[in-house]
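Residue-level structural notes
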Amino acid sequence: MKDVAAAPANSMGALPQAPSGSLGPEWVDEVLLRGPGGEPCLFFGADDPVTRDGLRRLVQERQAALGAAGLRRGGSAAIRLAPSLELVVQLLACWRAGARAALLDHRLTPFEAERALERLAPQVVVTAEHPVPGGPPRGHYPQRAVLTARPGRPAEGPHALVQLSSGSTGPAKVIGRTAADLVAELDRYARIDGVPRAGERMVSLASPVHVLGLVGGLLHCLHAGVRLAFPERVTARGVLDAVAAGPEPTTLLGVPFHLELLGWHPDPPRLPQLTGMTTGGEPVRAELHEAFVDRYGVRLGCMYGMTEVGVIATDLHGAHRPELTPAPGLGVRAVDGELLVSAARSPYLDDAGAERWADGWLRTRDGGSVDAATGRVLVRGRLDSQVSVGGLKVDLTEVEHTVLALPEVESAVVLHGSVIEAYLVLAPGGTAARVEEQLAGRLAAYKRPRLLHVLGQMPRTATGKPVRERSALAAAVATTAAAASAAASAGSGR
Amino acid sequence: MALLAEFGGRAPQEVPERVDSMELAWLAHVLEQRHGWPLDDDALSRIATVADAARLLEGLRAAER
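Bear in mind the structure is a predicted one, so any value in this text is a computation, not a measurement.

**What to know about the overall build of chain A**
Across its full length, chain A carries twelve helices and 25 strands. For 494 residues, the compact-globule estimate of 2.2 N^0.38 gives 23 Å, and chain A sits close to it at 24 Å. Its C-alpha atoms give chain A principal-axis dimensions of about 85 × 55 × 50 Å. Relative to its 494 residues, chain A shows a buried fraction of 53%. Pairs at least 24 residues apart make up 65% of the contacts formed inside chain A by residues separated by at least 6 positions. Taken as a whole, chain A presents about 20000 Å² of accessible surface, with 53% of it coming from carbon and sulfur.

What follows is the structure, encoded as structure tokens:
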């Protein structure tokens with residue numbers, strides 16, 4: 001916990017002090033919900049703004065309903081809702097009840113969600129009455145919650161928030177953060193130059209289920225007195241309409257995909273209230289950065305962080321690209337080309353991932369270096385098989401394991417080019433259509449291979465391992481196609 | 001196919017049959033900006049494949065004639 005006096009003055013309460021342990025549930029009222037009752041704080045598209053009083057009332061109502069479903073202080077819940085006011089109030093209500101909340105992405109398949117619930121064993125599950133319809137991405141969705149009591153386990157430990165991250169060797173990592181961890185991250189945000197302040201506005205395109213949109217967006221805005229808006233539609237026009245809807249200085253929060261989307265607008269209107277945009281999730285290509293700054297004439301900042309820790313380093317004014325300055329109070333160092341970040345204890349709730357933490361340092365699995373003179377960090381990219389799809393982290397090893405586990409598949413290699421691609425040899429009787437169908441039940445759409453290449457034979461190294469080089473796999477695809485064509489010609493010639 | 005291939009600067013043969021939500025956002029943008037065809041989310045939510053997108057475009061062209 002950092003020095004409270006270091007936080008900038010705003011309309012919200014001072015950050016509570018806590019040792020490394022847990023804070024009581026009153027932190028929700030003191031840190032997140034405090035503020036003038038009539039002040040609008042959340043904006044969901046064209047819906048009426050939610051005031052502080054309105055938010056407090058909704059949270060109290062949901063807390064009562066969760067209590068009626070059996071959630072108690074020290075209990076556990078899992079929330080699987082799309083970005084919405086309902087998601088916000090259910091999460092705050094869980095925390096206000098003193099319970100642990102696990103956030104599950106609404107895009108997970110029922111198979112993935114059930115596997116996660118078996119692992120987490122929550123006592124109450126919050127889901128949506130109706131699934132989100134298909135279509136282009138939206139900033140928020142209509143969601144009505146259904147509470148289901150389960151024979152789960154109470155929270156084992158002081159954690160307030162649980163999130164799952166893709167596992168590089170099979171099982172997902174279960175990441176826990178205490179209320180004190182979240183408050184410490186809010187303190188980092190409060191001390192970073194370029195983060196929106198009280199009286200300003202943020203339009204968030206980042207899902208509040210994941211750390212950037214949750215802490216950098218929702219929790220920071222509630223804490224700091226920043227008005228937070230979620231656009232109706234995540235199109236260039238939809239986003240700019242959301243910016244234009246208020247006169248306050250406005251920052252956009254999103255991932256590089258949103259920069260591309262905003263770049264599609266041929267002639268964006270001049271919006272004097274737009275002060276800049278901050279992206280996270282993955283580095284921004286230089287040409288994309290320049291195109292955005294040229295077109296909109298505002299600053300483009302970058303954040304680097306991870307689910308386990310939250311924000312680690314930033315360059316919110318684009319002053320040191322591609323280098324980033326470590327967030328206040330966090331230590332970052334490089335060992336053998338890998339970035340390590342300071343963490344008082346392991347963020348992992350079970351064995352998966354536990355080997356990544358030792359002696360107060362967490363291995364990020366990101367390659368990089370730290371400049372000895374300036375302390376700035378250069379992130380070079382992943383050292384494992386994790387990739388980013390529209391800002392969402394996908395571990396290719398998890399995808400490959402899922403493909404290989406299908407009885408229709410004999411061998412498979414999964415790569416990421418412009419999309420996730422699977423090169424596979426089918427087992428006798430297997431078809432590509434059947435593989436697609438099976439994967440649709442086991443992997444969320446954003447994790448699924450978009451291209452399936454069926455091979456007659458998997459190219460292998462001298463030691464028998466599948467070759468992962470794209471050119472060799474492309475040659476195998478061509479060979480398979482030529483063989484199929486020859487067989488078809490021979491068949492028609494008979 | 002050519003419209004979808006523009007997303008990410010791909011060759012048409014690199015466009016997967018299944019259309020994802022980002023490609024839908026791109027389609028919505030292109031159809032609104034270039035052709036003045038505002039599409040509601042209901043219409044877009046019925047697009048799951050390239051063939052669905054082609055059918056929708058055919059329908060829009062036919063309605064314009």
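**Brief notes about the pairing of strand S9 (residues 201-204) of chain A**
Residue and element names in this part refer to chain A. Taking every second residue as pointing to the same face, both faces of S9 are buried, with Arg201 and Val203 on one and Met202 and Ser204 on the other. On the question of chirality, the crossover connecting S9 to the parallel strand S10 (residues 227-230) by way of helix H6 (residues 211-224) is right-handed. As paired elements, S9 and strand S11 (residues 250-254) share four bridges and run parallel to each other. Within S11, the residue paired with Met202 across the bridge is Thr251.

**Topic: the domain arrangement of chain A**
All names here are of chain A. The domain boundaries assigned to chain A delineate domain 1 (4-381) and domain 2 (388-493). For domain 1 versus domain 2, the separation of C-alpha centres amounts to 35 Å. Around 1300 Å² of area is buried between domain 1 and domain 2 when both sides are counted, 51% of it from carbon and sulfur atoms. Between the two partners, domain 1 and domain 2, sit one salt bridge. Salt-bridge contacts for Lys447 lead to Glu112; the nearest nitrogen and oxygen are separated by 2.7 Å. Viewed at the interface, domain 2 and domain 1 are joined by five residue pairs in polar contact (both at pLDDT 80 or more). Broken down by element, the side of domain 1 that touches domain 2 gets its largest block of residues, three residues, from helix H4 (residues 110-120).

**Observations regarding the pattern of salt bridges**
Residue and element names in this part refer to chain A. In this structure the tally under the stated criterion is 35 salt bridges over all chains. Between Arg150 and Glu114 there is a salt bridge, with the nearest N and O atoms lying 3.4 Å from each other. Remark: Glu114 occurs in helix H4 and Arg150 occurs in the loop between strand S6 (145-149) and strand S7 (159-165); sequence separation between them is 36 residues. When its relative accessible area of 28% is taken as the criterion, Arg150 is described as partly exposed. Note on Glu114: relative accessible area 34%, which makes it partly exposed. One connected set of salt bridges, linked through shared partners, spans Arg57, Glu61, Arg62 and Glu86.

**Let's talk about the interface of chain A and chain B**
Every contact between the two is made by 23 residues of chain A and, on the other side, 22 residues of chain B. Together chain A and chain B conceal approximately 1900 Å² of surface at their shared face, both sides included; 56% is due to carbon and sulfur atoms. Of all residues in chain A, Arg233, Trp264 and Arg450 of chain A bury the most surface against chain B, accounting for 35% of the area lost on that side. Run the count over chain A and chain B and you get three salt bridges. A salt bridge links Arg450 of chain A to Asp20 of chain B; the nearest nitrogen and oxygen atoms lie 3.0 Å apart.

**A look at the confidence of the model for chain A**
In the predicted model, chain A carries a mean pLDDT of 90, and the fraction of residues at 70 or more is 94%. Under a pLDDT of 50 for its full length, residues 1-12 of chain A has, in the predicted model, 33 contacts with residues more than four places off or in other chains.

**Details of unusual backbone geometry**
Keep in mind that most residues, glycine aside, have a negative phi and that most peptide bonds are trans. All names here are of chain A. Pro322 follows Arg321 through a cis peptide bond whose omega is 0°. Assignment of secondary structure puts Pro322 in the loop between strand S14 (310-315) and strand S15 (325-326). Of note, the phi angle at Asp336 is positive, near 50°, even though the residue is not glycine. Relative to the elements of secondary structure, Asp336 occurs in the loop between strand S16 (332-335) and strand S17 (338-342). Positioned with a positive phi, Asp359 is a non-glycine residue whose angle comes to about 55°. Here Asp359 shows up in the loop between strand S18 (357-358) and strand S19 (361-370). In this structure Asp359 comes out as exposed when scored by relative accessible area, which is 73%.

**Some remarks on the sheet that holds strand S23 (residues 409-416) of chain A**
Residues and elements named next belong to chain A. Pairing is mixed across the open sheet formed by three strands, whose spatial order is S23-S24-S25. Every other strand in the sheet has two partners, leaving S23 and strand S25 (451-454) as the edge strands with one partner each. Strand-to-strand twist of the sheet, defined as the mean angle between neighbouring strand axes without regard to direction, takes the value 20°. As paired elements, strand S24 (residues 420-426) and S25 share four bridges and run parallel to each other. Bridge assignment links Ala422 to a residue of S25, and that residue is Leu452. Contacting S23 and S24, helix H10 (residues 396-404) runs over the sheet at an angle of about 160° to S23. Here helix H11 (residues 432-442) sits on the sheet and contacts S23, S24 and S25; the angle it forms with S25, its principal contact strand, is near 140°.

What counts, and at which threshold
Residues numbered from 1 in each chain as written. Chains lettered and ligands numbered in written order. Predicted model: local features only at pLDDT ≥ 70, side-chain atom pairs only at ≥ 80, totals over all residues. Heavy atoms only, no water. Helix = DSSP H or I, 4+ residues; strand = E, 2+ residues; numbered from the N terminus. Rg over C-alpha atoms; globule rule 2.2 N^0.38 Å. Buried < 20%, exposed > 50% of the residue type's maximum accessible area, 1.4 Å probe, protein only. Contact = heavy atoms within 4.5 Å. Areas by Shrake-Rupley, 256 points an atom, 1.4 Å probe, with all protein chains shown as cover. Right-handed = clockwise from strand over helix to strand, strands pointing away. Pairing = 2+ DSSP bridges. Domains from an automatic or database assignment. Buried area = accessible area lost by both parts, 1.4 Å probe. Salt bridge = Lys/Arg side-chain N within 4 Å of Asp/Glu carboxyl O. Polar contact = N/O pair within 3.5 Å; in protein donor to acceptor, adjacent residues only side chain to side chain. pLDDT = per-residue confidence, 0-100. Axes fitted to C-alpha atoms, helices over the stretch in contact; angles between N-to-C directions.

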